[in-house]
Each structure stands twice: as C-alpha cells, then as structure tokens.
Amino acid sequence: MLEEPQVEAYLKRIGATAPTRPGLEGLRHLQERHVLSVPFENLDYHLDRAIHMDEEVLTKVVDEHRGGGCYELNPALYFLLTALGYRVSILPGRVHRPDGIGPAMCHLALRVELEEAWLVDVGFGRNSRRPLRLADRADQSDPHGTYRLIEAPEGGIDVLLNGRPLYRIDDRPCTLDDFRPTLWWYRTCPDSPFLQDAFCALRTEDGRVTLRGTTLTTIGSQGRTEEELPDESAVLSAYKEHFGFELDRLPNDPTVAGRTAGVQIG
C-alpha cells in the first residue's frame, strides 16, 4: 500500500486530484489524466535498464517522469488505485498482431469493481482514455474512438477500436508474478516487439506526439507533421520538450535480428 506522500506525488505527476470516494467519476478522471501525462515507451529496453512490475516502478513513473509499457504503467496505476480505495485486480491478455493473435500473458490490464466491472488500461498505446464497461457488448464512445468488447470464440473478451481488434483479455484475475516469464521473453527474445526499435508516444487532447528513433511525429487538430531530427542533441531535447523527462544518452540502436514485428501504437 502506498503511503500518503507517495499518493500525493503520483497525483501531482499526472495532474490529478484525489477522488472524495472510490467512484466512477474519480476513476475516469484518474485514467484520463494518466493517459495524457505518462508516455507509452520502451526506452529502457534500449538503455540496458531493468523493467520493474513491483512498486519500484513508481520511481521511474513518478520521480523520473518517465513512462513504460503495460507491464509498468498498469501496475503503477494499480498501486495508486488500490491506495485510493478502489478494488482492483490484474487481468492477462493476448495482443492481436497482423499474423494472428499473440501468446498468452503478453498484455496486462486492470479490472476495477464498482457497481459494475470496468476495464482500465493505460499501457497499450491505443487504449481508451476512459474506462470501458466489461459487461457491455455495445459500442462505447471514447475521445480516442469507438471501442467495443465482444466475446471471443475460443474464450476471453476481444477489445476492438473502430472495428479493429486490439487485444483479448481473460477476465480471470492473476498476479504480477505470473507475468515474469513473459517479461523475460520481452527483454531477451529477438522476436520481442519491444526490441525492434526505440519509441516514445504520448496522447494529447487532440492527437498524439511520437518519437521513434530520430523521427518526431505530431498528430493534432492541424493534421500530421513529421520531422527528422538532425543529431543526438536534438533528440535528447525532444524527449524533454515533448515528454517531460531527460536522458543522459540516447537509447541503443537495435541490433537484434528479425525486426519485422514492430510495436503498434496507433
């Protein structure tokens, strides 16, 4: 359980206020502020830094103003929501890829129990900005698009965005320790999508900003712009300007083979 100073620091990090009670309005506020404040990124995979799923991840997200993937951001939010009185469990998932659905335990999402159950996800890149009703099979409108949850033929629940499947969740809770074998796979396997290239993406009120390698892409109300940054100094400055954190060096260039999977970030 996080202590009060940790909770206050986390809330300040994402520009959120603590809900007066653990209800839906507060949950929506917390997820939205998290999505708009904490980037989806894989830089530590290319900086030779450890990936943490326990409370040590709070140092990265809160103190260093960094982001991460689903194995980091959703556990971090789990710790915050639990400290604020929410009933939260961890759900395993499988990612839909161009060549078919991926293996089990390769995505981590949250289930929050209120009057009904809600799917909360801040670690996918194309996740919703607001919670989704787990039992609802109709379209659910969100600032990021139209989401729909449908029963998968082989079991589980498929999460779709604008009709396109994103991932499949198993609505049977598990623990963080259950993900350690797949975290090792993500960190070491040449086929790991997180080892293909270094990226950092953050949702904005009207779009998204992404830095993939040396290419800075901005999508907003004025359309899409793409800029190739000229040197190391420009890339490091972009991390600070657009994502709010500083690095002392650039991520390593990927040297693994089989760089075809890529990470879909929207």
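Along every chain, residues carry numbers that run from 1 in the direction the sequence is written. Local features are withheld for residues below a pLDDT of 70 in this predicted model, meaning they are given only at 70 or higher, and side-chain atom pairs are given and counted only at 80 or more; totals for whole chains, interfaces and linings count all residues. Values reported for side chains reflect all heavy atoms of the structure, with hydrogen atoms and water molecules removed beforehand.

Enquirer: Please explain the pairing of strand S13 (residues 215–220) as it appears in this structure.
Expert: When a strand is regular, its side chains alternate between the sheet's two faces. Note: strand S12 (residues 207–212) against S13, 5 bridges, orientation antiparallel. Bridge pairing in S13 places Thr210 opposite Thr217. Hairpin connection between S12 and S13: a loop of 2 residues separates the two successive antiparallel strands, and Gly213 in this loop has a positive phi of roughly 65°. Relative to strand S14 (residues 223–228), S13 is paired through 6 bridges, and the arrangement is antiparallel. For Gly220, the partnering residue across the bridge sits in S14 and is Gly223. Linking S13 back to S14 in an antiparallel pair, the connection comprises 2 residues. When DSSP finds two or more bridges between a pair of strands, those strands are recorded as paired. Strands are runs of DSSP state E lasting at least 2 residues, helices are runs of H or I lasting at least 4, and numbering of each runs from the N terminus.

Enquirer: What is the right way to look at the sheet that holds strand S1 (residues 40–41) in this model?
Expert: One key point about sheets: their strands pair by backbone hydrogen bonds, in either a parallel or an antiparallel sense. The sheet built from 5 strands is open, its strands ordered S1-S11-S12-S13-S14 with antiparallel pairing. Either end of the sheet is taken by a strand with one partner, and the two such strands are S1 and S14. Here, two residues are considered to be in contact whenever any of their heavy atoms come within 4.5 Å of each other. Each axis is a line fitted through C-alpha atoms, taken for helices only over the stretch in contact, and angles between the N-to-C directions span 0 to 180 degrees. Here helix H6 (residues 232–243) sits on the sheet in contact with strand S11 (199–204), S12 and S13, set at roughly 155° to S12.

Enquirer: Explain the pattern of salt bridges here, please?
Expert: Pairing of side chains with opposite charge becomes possible as their charged atoms draw close. Definition used for salt bridges: Asp or Glu carboxyl oxygen within 4 Å of a side-chain nitrogen of Lys or Arg. Tallied over the entire structure, the rule returns 21 salt bridges. Asp44 is the salt-bridge partner of Lys60, the closest N and O atoms lying 3.0 Å from each other. Linking Lys60 in helix H3 (residues 57–63) with Asp44 in the loop between S1 and H3, this pair joins segments that are 16 residues apart in sequence. Exposure remark for Lys60: the relative accessible area of 7% places this residue in the buried category. A salt bridge links Arg172 to Asp170, with the shortest nitrogen-to-oxygen separation between them at 2.7 Å. For every residue, the accessible area (1.4 Å probe, protein chains only) is compared with the maximum for its type, and the residue is labelled buried under 20%, exposed over 50%, or partly exposed between those bounds.

Enquirer: How do you make sense of the environment of Glu32 when you look at a structure like this?
Expert: Assignment of secondary structure puts Glu32 in helix H2 (residues 24–37). Between the C-alpha atom of Glu32 and that of Glu205, which follows or precedes it by 173 residues, the distance is 9.9 Å. Other than its neighbours up to four places away in sequence, Glu32 contacts Arg129 and Arg130.

Enquirer: Got a minute to help me understand the nonpolar core in this structure?
Expert: The nonpolar side chains of soluble globular proteins are, as a tendency, buried together. Counting residues in hydrophobic clusters, the biggest one holds 47 residues, and the most contacted among them are Tyr10, Leu81 and Tyr86. In terms of residues, this core owes the most to one element, helix H4 (residues 70–83), which gives 8 residues. For Tyr10, the residues in contact, after removing those within four places along its chain, are His34, Leu58, Val61, Val62, Ala76, Leu77 and Leu80. For our purposes a nonpolar core is just a set of buried Ala, Val, Leu, Ile, Met, Phe, Trp, Tyr and Cys residues, chained together by side-chain atoms within 4.5 Å.

Enquirer: Help me understand H6, please; the structure alone is not making it clear to me.
Expert: Since the α-helix turns once every 3.6 residues, residues separated by three or four places project in the same direction. The end-to-end C-alpha separation of H6 is 16 Å, in line with the 16 Å expected for 12 residues at 1.5 Å each. When H6 is considered as a whole, its buried residues turn out to be Val235, Leu236, Ala238, Tyr239 and Phe243. The arc that holds the buried residues of H6, viewed along the axis, is 150°, so those residues lie on one side. Structurally, H6 contributes buried residues whose contacts are with S11 and S12. At the exit of H6 stands Gly244, carrying a positive phi of roughly 80°. Every helix has an expected span of 1.5 Å times one less than the residues it contains. Throughout, the arc means that of the directions going from the helix axis to the C-beta atoms.

Enquirer: Whenever I open this one, H4 confuses me. Can you help?
Expert: The end-to-end C-alpha distance of H4, which contains 14 residues, comes to 20 Å, matching closely the 20 Å that a straight helix rising 1.5 Å per residue would cover. With respect to burial, H4 is a largely interior element, 11 of its 14 residues being buried. The complete set of buried residues in H4 reads Cys70, Tyr71, Glu72, Leu73, Asn74, Pro75, Ala76, Leu77, Phe79, Leu80 and Leu81. Of the residues trailing H4, Gly85 is marked for its positive phi of about 100°.

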